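The chain contents come next:
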Amino acid sequence: NKLNSNDKTEKEILEETQKFLLQNEVITENEDVNKKLNILIKAIPEFLNVVGKKQHQTRQYTVDCHTLKVLEETLKHPKFETLTPQNKILLQLAVILHDFGKDEGVIDSGHELKSAHLTNAILKKINLSEEKKDIITEFVKNHDWFAKLQKGISKSEIAIMFKNPQELDMAEIFANSDL
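Numbering of residues starts from 1 in each chain and follows the order in which that chain's sequence is written. Only residues with pLDDT of at least 70 get local features here, since the model is predicted, and only at 80 or more are side-chain atom pairs given and counted; chain-wide, interface and lining totals rely on the full set of residues. By convention in this description, side-chain values take in all heavy atoms of the structure and omit both hydrogens and water.

Quick question: what am I supposed to make of helix α6 (residues 130-141) here?
Side chains of residues three or four places apart in an α-helix project in the same direction, reflecting 3.6 residues per turn. Numbering of helices and strands runs from the N terminus; a helix is a DSSP stretch of H or I covering at least four residues, while a strand is a stretch of E covering at least two. Expected span, for any helix, means 1.5 Å times one less than how many residues it has. For α6, spanning 12 residues, the distance from its first C-alpha to its last is 16 Å, which sits close to the expected 16 Å at 1.5 Å a residue. Buried residues are those whose accessible area, probed at 1.4 Å on protein chains only, stays under 20% of the maximum for their type, while exposed residues exceed 50% and partly exposed ones sit between those limits. Those residues of α6 that sit buried are Lys133, Ile135, Ile136, Thr137, Phe139 and Val140. Close packing links the buried residues of α6 with α4 (85-97), α5 (111-123) and α9 (165-178). Residue contacts are counted whenever heavy atoms from the two residues lie within 4.5 Å of one another.

Below, the structure is given as structure tokens:
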């Protein structure tokens, strides 16, 4: 996002980077994983920035593995099937983007805001309404709401974060899956 497409050299760098990201594939021992990861990376090439990124020492998974595990748990959650098709997509995008702002190897209590900022930049490239982009960004920004509840945030403050009952269900699914 920081490269100037009007500058000839920076435009060439941008084009080569795009080509590299979109023409190469991830190869693992599992063909199903390969297929899914390559679809994800083609849709959101920024996902490569979290591949192999270590979390702090109390976390078992790297950020990419954690993200995929949260996505898997989200899809298995009993309430997920009760969501509208649109909300299923919004929640899945929020889950994929929720930890993009994490710093490597440290407990990063401010990563939610950094992740929301990065999410906002990534979503500019996606053809969604501003309202839907805002919903995704708010979920990323507030994905730690359950921890805030434990530390004393009021239930009315949580109700303000999630504007309707389906969003509250989405937040519950997200929080349970992220734990």
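Now that the structure has been shown, we can carry on.
Any chance you could explain helix α3 (residues 63-76) here in plain terms?
Between its first and last C-alpha, α3 extends 20 Å over 14 residues, near the 20 Å set by a 1.5 Å rise per residue. Taken together, the buried residues of α3 touch α4 and α9.

What am I meant to see in the pattern of salt bridges here?
Oppositely charged side chains are able to pair whenever their charged atoms sit close together. What counts as a salt bridge is simple: a side-chain nitrogen of Lys or Arg found within 4 Å of a carboxyl oxygen of Asp or Glu. One pass over the structure, following the stated rule, counts 12 salt bridges. Close ionic contact of aspartate 32 with lysine 36 constitutes a salt bridge, the shortest N to O distance being 3.1 Å. Taken together, the residues aspartate 32 and lysine 36, both in helix α2 (residues 31-43) and 4 residues apart, mark about one turn of the helix. Judged by its relative accessible area of 52%, lysine 36 is exposed. A salt bridge links lysine 76 to glutamate 73, with the nearest nitrogen and oxygen atoms 3.4 Å apart. A residue pair is termed a helical-turn pair when its members lie 3 or 4 positions apart in one helix, as lysine 76 and glutamate 73 do in helix α3 at 3 residues. We classify lysine 76 as exposed; its relative accessible area is 55%. In this structure, a network of salt bridges that share partners links the residues Lys69, Glu72, Glu73 and Lys76.

Can you help me understand the packing of α4 against α6 in this one?
When two helices pack together, their arrangement is given by the angle between the helix axes and the distance between those axes. For every element, the axis is a line fit to its C-alpha atoms; helices are fit only across the contacting stretch, and the angle between N-to-C directions ranges from 0 to 180 degrees. Between α4 and α6, the shortest axis-to-axis distance is 9 Å and the interhelical angle comes to 45°. Judged by the inter-axis angle, α4 sits oblique to α6. Every pair of crossing elements has a handedness; the one defined by α4 and α6 is right-handed. Every residue of α6 that contacts α4 at Gln86, Leu90, Leu93, Ala94 and Leu97 is listed here: Lys132, Ile135, Ile136, Phe139 and Val140. Geometric relationships in this document are graded by angle, where less than 35 degrees denotes roughly parallel, more than 145 denotes roughly antiparallel, 65 to 115 denotes roughly perpendicular, and other angles denote oblique. In this scheme, a crossing is called left-handed if the near helix is turned counterclockwise away from the far one by less than a right angle; it is called right-handed if the turn is clockwise.

What am I meant to see in the side chain of threonine 137 here?
With respect to the helices, strands and loops of the structure, threonine 137 is situated in helix α6. Judged by its relative accessible area of 12%, threonine 137 is buried. With residues up to four places along the chain from it excluded, the contact list for threonine 137 reads Ala116, Thr119, Asn120 and Leu123.

Quick question: what am I supposed to make of the nonpolar core here?
Burial of nonpolar side chains together is a common tendency in soluble globular proteins. Put simply, a nonpolar core is a bunch of buried Ala, Val, Leu, Ile, Met, Phe, Trp, Tyr and Cys residues held in one set by side-chain atoms that sit within 4.5 Å of each other. Among the nonpolar cores identified, the biggest contains 33 residues, and Ile44, Phe47, Leu91, Leu97 and Phe139 are the most heavily contacted of them. Where this core is concerned, the elements lending two or more residues are α2, α3, α4, α5, α6, α8 (155-161) and α9. Residue contributions to this core peak at 7 residues, all from α4. Once residues lying within four places of it in the same chain are set aside, the contact partners of isoleucine 44 are Leu93, Ile96, Leu97, Phe100 and Ile122.

What am I meant to see in the packing of aromatic side chains here?
Here a ring pair, both rings aromatic, is described through the centre-centre distance and the interplanar angle of the planes. For this analysis, a ring pair means two rings from Phe, Tyr or Trp (six-membered ring only for Trp) whose centres lie within 6.5 Å, classed as stacked if their planes differ by under 30 degrees, edge-to-face if by over 60, and tilted for the remaining angles. All told, the structure shown has 1 aromatic pair when counted by the stated rule. Ring geometry for phenylalanine 47 against phenylalanine 100: centres 6.3 Å apart, planes inclined by 50°, an arrangement best described as tilted. Taken as a pair, phenylalanine 47 in the loop between α2 and α3 and phenylalanine 100 in the loop between α4 and α5 lie far apart in primary sequence, 53 residues in all. For the pair phenylalanine 47 and phenylalanine 100, a shared accessibility class is recorded, and that class is buried.

Take it as geometry only, folks, not as evidence of what the structure does.
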